[in-house]
Amino acid sequence: MQEVKMPTSDSWKDGLIESLTDSEEAAAYLSVALEAEEFDAKVLRTVIQDIIEAHIKINNISEKANQYHQQIDKMLSENAANEIYTFVSLLDALGFCIEIKTKEESDNQHL
């Protein structure tokens, strides 16, 4: 009988990271995390880490972006996500929302 190799449990993660190399996919992924009904610092940290990992994969991360990531990751590990989500909730209560989109999308709207 032929031995069947099962895919590793990380194969879904590889697919996710690959999809996040597309900036529009990454923007949508981050938007969903910010619009979540249940706010969770761990989820937001994971989403940001996944997007950073995707940018690293395609060699599209500047040193400055990496420094900002380290600062945000430290803040989120200290539970600063509450402040971020409180801000998002305030905007919602005032009738506003945060829209995450690529710079390219934003530039095209101004043409």
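None of these values were measured; they are calculated from a predicted model.

**Student:** So, the confidence of the model for the protein: which residues are in play, and what are the values?
**Tutor:** In the predicted model, the protein carries a mean pLDDT of 84, and the fraction of residues at 70 or more is 87%. Of all secondary-structure elements in the protein, the lowest mean pLDDT belongs to helix α6 (residues 103-109), at 78, while helix α2 (residues 23-34) reaches the highest, 92.

**Student:** Can you lay out the environment of D50 for me, pointing to particular residues and giving the numbers?
**Tutor:** Here D50 is to be found in helix α3 (residues 41-57). Owing to a relative accessible area of 1%, D50 belongs among the buried residues under this scheme. In sequence terms D50 and L16 are 34 residues apart; their C-alpha atoms lie 8.0 Å from each other.

**Student:** Which residues make up the packing of α3 against helix α4 (residues 63-77), and what are the values?
**Tutor:** Packing of α3 against α4 leaves a shortest axis separation of 9 Å and a crossing angle of 165°. One element, α3, and the other, α4, form an angle in the roughly antiparallel class. The handedness of the crossing between α3 and α4 is left-handed. Residue-level inspection shows A41, L44, R45, I48, Q49 and I52 of α3 in contact with α4, the latter providing H69, I72, D73, L76 and S77. The class makeup of the residues in the contact of α3 with α4 is six nonpolar, three polar and two charged.

**Student:** Just give me the short version of the pattern of salt bridges, but keep the residues and values in it.
**Tutor:** Under the defined criterion, the tally for this structure stands at three salt bridges. Here D50 makes a salt bridge to K13, at a shortest N to O gap of 2.6 Å. Of this pair, D50 sits in helix α3 while K13 sits in helix α1 (residues 11-19), and the two are 37 residues apart along the sequence. Between K57 and E18 there is a salt bridge, and its shortest N-O distance comes to 2.7 Å. Here the residue K57 occupies a position in helix α3, and E18 occupies one in helix α1, the gap between them amounting to 39 residues.

The rules behind the values
Residues numbered from 1 in each chain as written. Predicted model: local features only at pLDDT ≥ 70, side-chain atom pairs only at ≥ 80, totals over all residues. Heavy atoms only, no water. pLDDT = per-residue confidence, 0-100. Helix = DSSP H or I, 4+ residues; strand = E, 2+ residues; numbered from the N terminus. Buried < 20%, exposed > 50% of the residue type's maximum accessible area, 1.4 Å probe, protein only. Axes fitted to C-alpha atoms, helices over the stretch in contact; angles between N-to-C directions. Parallel < 35°, antiparallel > 145°, perpendicular 65-115°, else oblique. Left-handed = near helix turned anticlockwise from the far one by under 90°. Contact = heavy atoms within 4.5 Å. Nonpolar A, V, L, I, M, F, W, Y, C, P; charged D, E, K, R; others polar. Salt bridge = Lys/Arg side-chain N within 4 Å of Asp/Glu carboxyl O.

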